[in-house]
Every structure is written in structure tokens, then in C-alpha cells.
2 protein chains.
Amino acid sequence: MRWTPQRERALELLLRAGGPVKAYDLVATFQPGGQTAPPTVYRALDALVELGLAHRIASRNAYVACHRHDGEAHAASFLFCDCCDAVEEFEAPVGEVMAAIKARGGFQLRAMTLEAHGRCSRCQD
Amino acid sequence: MRWTPQRERALELLLRAGGPVKAYDLVATFQPGGQTAPPTVYRALDALVELGLAHRIASRNAYVACHRHDGEAHAASFLFCDCCDAVEEFEAPVGEVMAAIKARGGFQLRAMTLEAHGRCSRCQD
DNA sequence: ACAGTTATGTTATAATGTATCGCGTCCGCA
DNA sequence: TGCGGACGCGATACATTATAACATAACTGT
Ligand SMILES: [Zn+2]
Ligand SMILES: [Zn+2]
Ligand SMILES: [Zn+2]
Ligand SMILES: [Zn+2]
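Counting from 1, residues in each chain are numbered in the order their sequence is written. For naming, the first written chain is A and the first written ligand is 1, with later ones following in the order written. With the structure being a predicted model, the display of local features is reserved for residues of pLDDT at least 70 and the display and counting of side-chain atom pairs for 80 or more, all residues being used for whole-chain, interface and lining totals. The basis for the side-chain values is all heavy atoms of the structure; hydrogens and waters are excluded.

Student: How should I be thinking about the protein's contact with DNA strand D in this particular structure?
Tutor: Residues are counted as near a molecule or strand when any one of their heavy atoms sits within 4 Å of it. Around DNA strand D there are 17 residues in total, and T4, Q6 and R43 of chain A together with K22 and Y24 of chain B lie nearest to it. Counting only the atoms of DNA strand D within 4 Å of the protein, the fraction contributed by sugar and phosphate is 56%. Here R7 of chain A contributes a side-chain N or O atom positioned 3.0 Å from a phosphate oxygen of DNA strand D. N or O atoms within 3.5 Å of each other form a polar contact, as long as, within protein, one can give a hydrogen and the other can take it, and as long as residues adjacent in sequence are counted only when both atoms are side-chain atoms. In the environment of DNA strand D, a base nitrogen lies 2.6 Å from a nitrogen or oxygen atom belonging to the side chain of R43 of chain A. Sorting the residues of the surface near DNA strand D by element identifies α1 (5-17) and α3 (38-50) of chain A together with α3 (38-50) of chain B as the ones contributing at least two each. Helix and strand assignments follow DSSP, with helices taken as H or I runs no shorter than four residues and strands as E runs no shorter than two, numbered in order from the N terminus.

Student: Sorry if this is basic, but what is going on with the packing of aromatic side chains here?
Tutor: The geometry of two aromatic rings is summed up by the distance between their centres and the angle between their planes. In summary, the pairing rule links any two rings of Phe, Tyr or Trp, Trp by its six-membered ring, whose centres are within 6.5 Å, and it sorts them by plane angle into stacked for under 30 degrees, edge-to-face for over 60 and tilted for everything else. Taken as a whole, this structure holds 4 aromatic pairs over all chains when the rule is applied. Ring geometry for Y24 of chain A versus Y42 of chain A: centroids 6.3 Å apart, planes at 65°, classification edge-to-face. Residue Y24 of chain A is found in helix α2 (residues 23-29), and its partner Y42 of chain A is found in helix α3; the two are separated by 18 residues along the sequence. Measuring from centroid to centroid gives 6.3 Å for F78 of chain B and F80 of chain B, while their planes differ by 55°, and the two rings are tilted.

Interpretation in functional terms is not warranted from these geometric data alone.
Right, dumping it as C-alpha cells:
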């Protein structure tokens, strides 16, 4: 897995956005003047996910830079506000869940994602 | 929220499948002889999710009947096999996670989904 | 019966994601 | 230094997934 200008560019855009970004937003903004072919964008994003620098948020069809921005493996956990579209990554304590999976036997865990949906503090009025 | 033939039909198909079903599979099979308009299918599926009788599996763009098949609210938790496409709903112990969300304050939780990815017992050879 | 709400039908279109093929570039190795 | 394989990128076309918008029908309570 190499570190390339495309991937750096994608990560830069994710970080600058500071939140979830849709693939087709990058299709529009990847290069300053004009469009980029979708496969180019998807490949860059997939690489970032593979490298542990970003997460894919399946329920929103979006990608977001990992808040840790080192490539350490961890369960990707997010809080989603139903009202505004705020999304925040947090460190969910998934120890019990992992233990339960181990306890039921036969399943070899590789990765875990967790989505909590509700109302953020700003949207409770 | 009414209980209608469309919704019953959708649930019947999910139950019969016994696993994740894609919306466009239902588009093809919803009525015996021919296609159904996508909005009809999506509306029926959305209603089932709303009623707590099914879950949407975002990472697969698929729907599955809830293993409890009563409408009780609960965290939707699934084990996904990376090799075969087996998916199993299980009861993840998310108490700690919910407590952590409460503890950080300001977020009013409504629903939670959890996806565990790895290899099922049949795929570890 | 009436009005308000909820559900369905229909058409078209938007949004999201991949297959494929060819070419260039990088890296390890002889 | 030359070779060979793996990896990355560009480009085109296409497949899949989901929704907008509007009209009609069915149900519900009064
Ligand atoms: Zn992260
Ligand atoms: Zn909010
Ligand atoms: Zn369930
Ligand atoms: Zn398997």
C-alpha cells in the first residue's frame, strides 16, 4: 500500500471538511477545475479506509477522516444527530461486545462499526 | 401506521428469505407476474423498519426481518462473514456503550446499530 | 357525508458504485 | 542496468440503489 498524491489529496479534503463527505462531492472538488472520474475517487477513499485513516459511514454513503488520524485499528463508533446532520466519532467501550462474540464461539472478529442515532445537544429545544 | 397487504407481503418475503434481501430483489418478486415500482417496495420496507419488524443493513444495502419479529425496540446487531455472505443477528450487550453515551452528556439516544465483520465458523479453513 | 390523514400508483430522474481495459510507474531482483 | 510483476491511475461505459413529484385511492374519526 503506497502513499500517493491522490490519497494525500483525498485525506486533505476529508480533514478540511471536518465531517462526513460524499464520494461525489469529491468527484466535484478533487481537482480544482472540473470533475474527476468516480473510480479515481472511490479508489482513493477505499485506500484511506484500508490504511485506517478514514471510515466509511454506510448509513450515509459518506466517508470521514478518522479522529485519531494514526492508522491504529479500532472499532469505528459514531454519534449521528437526526436533526442537524452532525456526526461525531467517539470511543465506544466495546469490550463487552467483543467478549460476547468470543463467547458465542466460531466467529473470528476483524472489524466493528457502531452507529448511535439520536439528538445532539444543540437540537434538544 | 397501518398494517397493509403491501407490508405484509414484504414481511412475508423477508421471512421466507431468512436473510438479507435487496430492495431490487423485491422489485422483481413482489408481485408474482412482473415488476413493481421501486417506490412501492422502498415504502413497504421503510414501514417495516419503522414498525420494528425489520432492519436495514446499511453496509449491504439490504433489509432483513428482525429475528425477534415482535416490534420491540432494541439495538440491531449483526455478524457479517467476509467470505460467504452469511449474516446473523445477535443480541450484543450494549449496556456499557449506552452508559458511555449517557456519561458524555448532551446526546439523547434513539437507536443503535452495530456491525461486526469477520469470518464465520464455516469459513475458517 | 365531510375533512384530514395515510397509503398507493406512476413516471421520471437522481445518486451511488463498479467492471473493464490499457497504460504508466514503482520496486525487488538478477 | 535490465527485467518482471505488482500496484496505481485514467477513461469509458454501465449497473445498482434510491428518491422527487404528483395524482389517486383508502382509511379514520366526527
Ligand atoms: Zn476512527
Ligand atoms: Zn443536532
Ligand atoms: Zn432485530
Ligand atoms: Zn462464512
